[in-house]
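Examination of the molecular architecture
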Amino acid sequence: MHTTSNVRLGVNIDHVATVRQARRAKEPDPVAAAILATLGGADGITVHLREDRRHIQDRDLFVLREIVTTRLNLEMSVADEIVAIALKVRPDEATLVPERRQELTTEGGLDVIAHESAVRAVVDRLKETGISVSLFIDPEPAQIEAACRVGAEAVELQTASYSEARTANAQIAELEKLRQAAHRAAEQGLHVHMGHGLNYSNVIPIVQIPEVEELNIGHSIVSRAVLVGMERAVREMKDILLRYRQAIM
């Protein structure tokens, strides 16, 4: 079982590129954002190279590979074109996610059960190149079992259902699902990550789940950075993770 006294913070910088692409301009530069996020204490940088290139572009990814000194996590679909780019870039970690063109952001987890053979083939190709592989999945026992079968080293449990819960009771129920899924995944030897919709307040119960090793957070940090700067926004999130993780140790 993998547990840790600290939780890594992966800062997703996609939405820095979203602002840039709104004008097809040169700024703000996600590479500069990655440098500032690292100075603020980020343990890694996360980007999603979408098939429609709505925010992060190929060049961003290759430059980030050159300058990221911590961990580069590439969120990606299993499309052949994206897999080929990942094999060239060689991020430290690849997180396989579902992708539909019309969605605003990734909706729900990857259905590993329904696409087991295709996912296994991609996992094998990435691991052969030395890339650590995580699967972004719903916190469901059957999906965790499937992640083990295809050879993933980690799962990122989607926290959207928790983050978007409309009532306190609903949020408590979703949090319990995440707790149970984290425990189950860790028992089976998987590294446990979480992400999607987390912000400076709802992250507090999440970081107190002992099996969680990594959180990937983007929109709330980038939104905060618009007002106070990237370095400070990341430092504030990192301080919350450290403070509330230590509370359970």
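Residues numbered from 1 in each chain as written. Predicted model: local features only at pLDDT ≥ 70, side-chain atom pairs only at ≥ 80, totals over all residues. Heavy atoms only, no water.

The name given to the protein chain in an unreviewed UniProt entry is Pyridoxine 5'-phosphate synthase, and the organism recorded there is Thermogemmata fonticola. As stated in UniProt under Subunit (unreviewed entry), the record for the protein chain gives "Homooctamer; tetramer of dimers." Note on the protein chain: under the UniProt heading Pathway (unreviewed entry), the record states "Cofactor biosynthesis; pyridoxine 5'-phosphate biosynthesis; pyridoxine 5'-phosphate from D-erythrose 4-phosphate: step 5/5." (UniProt positions renumbered as here; feature names shortened; annotations may be inferred.)

Let us look at the environment of A152. Mapped onto the elements, A152 comes out in the loop between helix 6 (141–149) and strand 6 (154–158). For the pair formed by A152 and K127, sequence separation is 25 residues and the distance between their alpha carbons is 8.9 Å. Not counting chain neighbours up to four residues away, the residues in contact with A152 comprise V123, V133, L135, A147 and L190. (Helix = DSSP H or I, 4+ residues; strand = E, 2+ residues; numbered from the N terminus. Contact = heavy atoms within 4.5 Å.)

The buried fraction of strand 6 amounts to five of the five residues, a majority that puts the element mostly inside the structure. Where burial is concerned, the two faces of strand 6 agree: the one with A154, E156 and Q158 and the one with V155 and L157 are both buried. As defined by bridge partners, strand 5 (residues 132–137) adjoins strand 6 across four bridges and the pair is classed as parallel. The partner of S134 across the bridge, within strand 6, is A154. The parallel pair strand 5 and strand 6, bridged by helix 6, forms a crossover whose chirality is right-handed. Note that strand 6 and strand 7 (residues 191–195) share five bridges and pair parallel. Bridged to V155 within strand 7 is V192. (Buried < 20%, exposed > 50% of the residue type's maximum accessible area, 1.4 Å probe, protein only. Pairing = 2+ DSSP bridges. Right-handed = clockwise from strand over helix to strand, strands pointing away.)

Turning our attention to the packing of helix 6 against helix 8 (residues 168–187). It is at 10 Å that the axes of helix 6 and helix 8 come closest, and there the two elements cross at 25°. Judged by the inter-axis angle, helix 6 sits roughly parallel to helix 8. In the crossing of helix 6 with helix 8, the sense of the turn from one axis to the other is right-handed. On helix 8, the residues touching P141, I144 and E145 of helix 6 are A181, R184 and A185. A class-by-class count of the residues in the contact of helix 6 with helix 8 yields four nonpolar, no polar and two charged. (Axes fitted to C-alpha atoms, helices over the stretch in contact; angles between N-to-C directions. Parallel < 35°, antiparallel > 145°, perpendicular 65-115°, else oblique. Left-handed = near helix turned anticlockwise from the far one by under 90°. Nonpolar A, V, L, I, M, F, W, Y, C, P; charged D, E, K, R; others polar.)

It is worth spelling out the layout of surface pockets at this point. The gaps of empty space that remain are located by a probe, the size of a water molecule, rolled over the atoms. The space that makes up the second largest pocket amounts to roughly 160 Å³. Across the lining of the second largest pocket, the residue classes tally to ten nonpolar, one polar and one charged. (1 Å grid on protein atoms, 1.4 Å probe; cavity = no way out; pocket = protein on both sides within 12 Å on 5 of 7 lines; lining within 4 Å. Points joined across faces, edges and corners; volume = space filled by probe spheres on them.)

For the rest of this paragraph, the subject is the UniProt feature "binding site: 3-amino-2-oxopropyl phosphate" (unreviewed entry) in the protein chain. Feature annotation in UniProt places "binding site: 3-amino-2-oxopropyl phosphate" (unreviewed entry) on N12, R23, G197, G218 and H219, given in this structure's numbering. These annotated residues cover 208 residues of sequence, and their C-alpha atoms reach 25.4 Å apart at the extreme, placing them across more than a single site. Looking at where R23 falls in the secondary structure, it is placed in helix 1 (residues 14–23). Assessed through its relative accessible area of 73%, R23 is described here as exposed. Tracing the backbone through its elements, the reader meets H219 in helix 10 (residues 219–228).

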